[in-house]
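Chain by chain, the residues:
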Amino acid sequence: MTSYADLDNYFGTYPSPSLSALIWVLIRLPGPITLLGGPTSVTFVPYDRPVRAAFVGLGRIYDLNVRGYIDNPDVEVVALVDPNEERRAQRQADWPDAATFASAAELAASGLEVDTAEVLLPIVLHADGVAELLDFGWHVNLQKPMCNSLAEAQRMLDAATANDRILRVMDNYLFYEPLHRLKAVAESGEIGGVVGYHMKMVGTGNGGWDVPWSSFEWQIDQMKRGRGIMVFDDGWHKLTTAIWLFGPIREVRAWIGNLAVGPGIDLETPATLIWEHENGIRGVWDVTIAMDMYLRSDYYTNDERWEITGSKGFARVNRCTGRGIQQPSVEIYADGEMRGYHALDDDWGSSFRDSGRYWLRWLHTGDGPLLWSGQEAVDVLRFALAAYESSAKGGIGVDPALLT
Ligand SMILES: NC(=O)c1ccc[n+]([C@@H]2O[C@H](COP(=O)([O-])OP(=O)(O)OC[C@H]3O[C@@H](n4cnc5c(N)ncnc54)[C@H](O)[C@@H]3O)[C@@H](O)[C@H]2O)c1
C-alpha cells in the first residue's frame, strides 16, 4: 500500500509525455494511498490507453483545471463544451484537435467517444448536468461544491450507481503541498498530541486575477438561495480539509453574519464556525472581509491560514490561494525551536494540476481513494448544511449526520 509520504513525492515533478513518463507514473503511484475511507473498489475496467475527456464548462476555473491535462499522456482531450461561443473559440487554441459543442447533449448525439467529463459548471447546474453526463455513460470529475442540497447529491450518486460510472468531486486543496506537510507533521507526533486547530479566511477587495462578471452572476443567485460565496463556496474547501485532517464531524455550531455590499449581493461575514470531530478534536474557522485590503495573489484574493496546536508545539500553513504572509508556507514550532519549509510547491495553481493528474491516473488503476468520492463530498455538504442550520437556530449544536 502506498503511504501518504509517497503521495508527497508526487508533487511538483512530472516528466513530459513519453514512454519514460508512463513508466515513471506507473512506478510512482502503484497502489492505494492510506487515507480516510481506504481503497475504493471499482467495477469498471481501468483504462490501458489515454482516456478521452471532454471539458464541460470553459469559464474562469478552466484556466487552472486545464493544468492537469496539459502534457499528460494519460489523457486525450476530445471535446470542449460551453454554450458561450467566445469561450469555445478561446479554449480551442489549447486543444486544436478537440471538437466543440454548445451543449453536452450535442456532444453525446455526435457519436464522438468520450470516457470522462471534467465538469466546470455553475453550482446550480451541477445536479442536472452531472446526472445527464453519467447517463451518457461518462465518468465525471466535478468541481466543488458538489451541489446545494442532500436531495441533489442523492440524485447524482444514484445516477453514478445506475450507470456504473465514477463520480469524483475534486477539491484541489487536498493536493496543496503545504497542507500535506501540515497533515504529515500532525500525524508524526512532532508537535505532540493534537489538542485543537483553527483556520482563517480573509476575503480582500483588492488584487488578484480578473474574474468576469458572468462568473459572479450565478454566485449572486446562489446567495439568494442561502449558499453564499464565503461559507458555502470557499467554505467547501475549508470544511473538506477539516474532514481530511481529522475525520468525521459529530457536532457543528455556527454564527453566520451578513455583509450587504450591493443590491442583492450579500457576503456571509463575519462568520465563525466551530465543530467537534468524532475523535474529540475541535476546530474553528473564522471568516471576514477586508474590503480595502490589497492582497498580492495570482488568483483569488483569499488570505488563508491553518494552524494545528499540539501538546508540545504547533504547525501552521501561512497562505494558500494568495501570497499574504511571505514567510515559509509551513512553519513548525516544537521544543523551543521554529522550523520553516521554504521549498514546498506553494503555488495554489499547482494543486489543480496535481488533482487533475491524480484523477486521470486513477482511471488507469482504480486504486486508492478518489480524493474525493461522491459519498465523501456528501459529508462535506452535511457539514456546511449543519452550519447553516445551527446559525439559523441561534448557534445550537447540530449533528450533520441527522440532517435530512
Ligand atoms: N476549486 C476552486 O478553488 C474553484 C474556484 C472557482 C470556481 N470553482 C468552481 O468551478 C465551477 C465553475 O466556476 P467558474 O468560476 O469557472 O464559473 P464561470 O461562470 O466562469 O464558468 C462556467 C462556464 O460554464 C458555462 N456553462 C453554463 N451552462 C453550461 C452548460 N449547460 N453546458 C456547458 N457549459 C455551460 C458558462 O458559459 C461558463 O463559461 C463552480 O462549481 C465553482 O464553484 C472552484
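Overview of the structure. Because the structure is a prediction, the values reported are computed rather than measured.

What counts, and at which threshold
Throughout this document, residue positions are counted from 1 along each chain, in the order its sequence is written. Where totals are concerned, whole chains, interfaces and linings use all residues; where local detail is concerned, this predicted model gives features only for residues with pLDDT of at least 70, and gives and counts side-chain atom pairs only at 80 or more. Excluded from the side-chain calculations are hydrogens and water; all other atoms, namely the structure's heavy atoms, are used. Helix and strand definitions here come from DSSP, where helices need a minimum of 4 consecutive H or I residues and strands a minimum of 2 consecutive E residues; each element is numbered from the N-terminal end. Any residue under 20% of the maximum accessible area for its type is buried, any over 50% is exposed, and the rest in between are partly exposed; the area is computed with a 1.4 Å probe on protein chains only. For this analysis, residues touch if any pair of their heavy atoms sits within 4.5 Å. Any residue with a heavy atom lying within 4 Å of a molecule or strand is counted as near it. Any N or O atom pair separated by 3.5 Å or less is treated as a polar contact, with the protein-specific requirement of one donor-capable and one acceptor-capable atom, and with residues adjacent in sequence counted only for side-chain atom pairs. To measure how exposed things are, a 1.4 Å probe is used in the Shrake-Rupley method; for residues, cover is taken only from the protein chains shown. Grouping buried Ala, Val, Leu, Ile, Met, Phe, Trp, Tyr and Cys residues that are joined through side-chain atoms within 4.5 Å yields what is termed a nonpolar core. Strand pairing is defined by DSSP finding a minimum of two bridges between the two strands. Axis definition: a line fit to C-alpha positions, over the contact stretch in the case of helices; interaxial angles, taken between N-to-C directions, run 0 to 180 degrees. Planes of paired rings set the category: under 30 degrees apart is stacked, over 60 is edge-to-face and the rest tilted, where pairs are Phe, Tyr or Trp rings (Trp by its six-membered ring) whose centres lie within 6.5 Å. Definition used: whenever NZ (Lys) or CZ (Arg) falls within 6 Å of the ring centre and also within 35 degrees of the ring normal, the charge is taken to sit over that ring.

Attention now goes to the environment of N302. Residue placement: N302 occurs in strand β13 (residues 302-310). Given the relative accessible area of 13%, N302 is considered buried. Through-space distance from the C-alpha of N302 to that of I289 is 9.5 Å; in sequence the pair is 13 residues apart. In this structure, N302 is in contact with Y173, M201, V202, D234, L295, T321 and G322, ignoring residues within four places of it in sequence.

Turning our attention to the site of the ligand. The immediate surroundings of the ligand are formed by 29 residues, with R60, D82, N172, S215 and W218 found nearest. Within the contact set of the ligand, an oxygen atom lies 3.1 Å away from a side-chain nitrogen or oxygen of H126. A distance of 2.9 Å separates an oxygen atom of the ligand from a polar side-chain atom of D233. Protein contact buries 85% of the 840 Å² of open area that the ligand shows by itself. Counting residues per element, the ones that place at least two in the shell around the ligand are α9 (213-224), α10 (229-246) and α11 (348-365). If one sorts the elements of the shell around the ligand by residue count, α9 sits on top with three residues.

This part takes up the nonpolar core. Formed by 119 residues in total, the largest nonpolar core has its most connected members in F55, M146 and W275. Take this core: its biggest share by element is eleven residues, from α10. Among residues more than four places away in sequence, those in contact with M146 are H126, A153, M156, L157, L167, V169, W236, G374, A377 and V378.

Here the amide bond leading from T269 into P270 is cis, since omega sits at -10 degrees, within 30 degrees of zero. In this fold, P270 is placed in the loop between β10 (265-267) and β11 (271-277). With omega at 15 degrees, the peptide bond leading from L371 into W372 counts as cis. On the secondary structure map, W372 appears in the loop between α11 and α12 (374-392). Backbone geometry at D71 places phi at a positive 50 degrees, although glycine is not the residue there.

Across the sheet, which stays open at both edges, the eight strands sit in the order β8-β11-β12-β7-β13-β14-β15-β16 with mixed pairing between neighbours. Taken across any chain shown, the strands that pair with only one partner, and hence form the sheet edges, are β8 (249-256) and β16 (337-341). Sheet twist, expressed as the average angle between the axes of neighbouring strands with direction ignored, equals 15 degrees. Relative to β13, strand β7 (residues 194-207) is paired through nine bridges, and the arrangement is antiparallel. Across the sheet, the residue bridging to G196 is T309, located in β13. Lying over the sheet, α10 contacts β7, β8, β11, β12 (282-295) and β13, oriented at roughly 155 degrees with respect to β7. Sheet strands in contact with α12 are β8 and β11, and its direction is about 50 degrees off that of β8.

What follows concerns the packing of aromatic side chains. Summed over all chains, the structure comprises 21 aromatic pairs. Aromatic pair Y173 and W348: ring centres 6.2 Å apart, planes at 80 degrees, arrangement edge-to-face. Here Y173, found in the loop between β6 (167-170) and α8 (177-188), pairs with W348, found in helix α11; they are 175 residues apart in sequence, far enough to count as distant. Judged by relative accessible area, Y173 falls into the buried class, the value being 0%. For W348, a relative accessible area of 4% corresponds to the buried category. With 6.0 Å between their ring centres and 80 degrees between their planes, Y300 and W348 make a pair best called edge-to-face. In this pair, Y300 sits in the loop between β12 and β13 while W348 sits in helix α11, placing the two residues 48 residues apart along the sequence. Taken together, the ring pairs connect Y173, W209, Y299, Y300, W306, W348 and F352 into an aromatic cluster. Of note, R60 hangs over the ring of W209, and the distance from its end group to the ring centre comes to 3.5 Å. Sitting over the ring of W244, K183 keeps its end group 5.4 Å from the ring centre.

Such coordinate-based values are descriptive only and should not be taken to indicate function.
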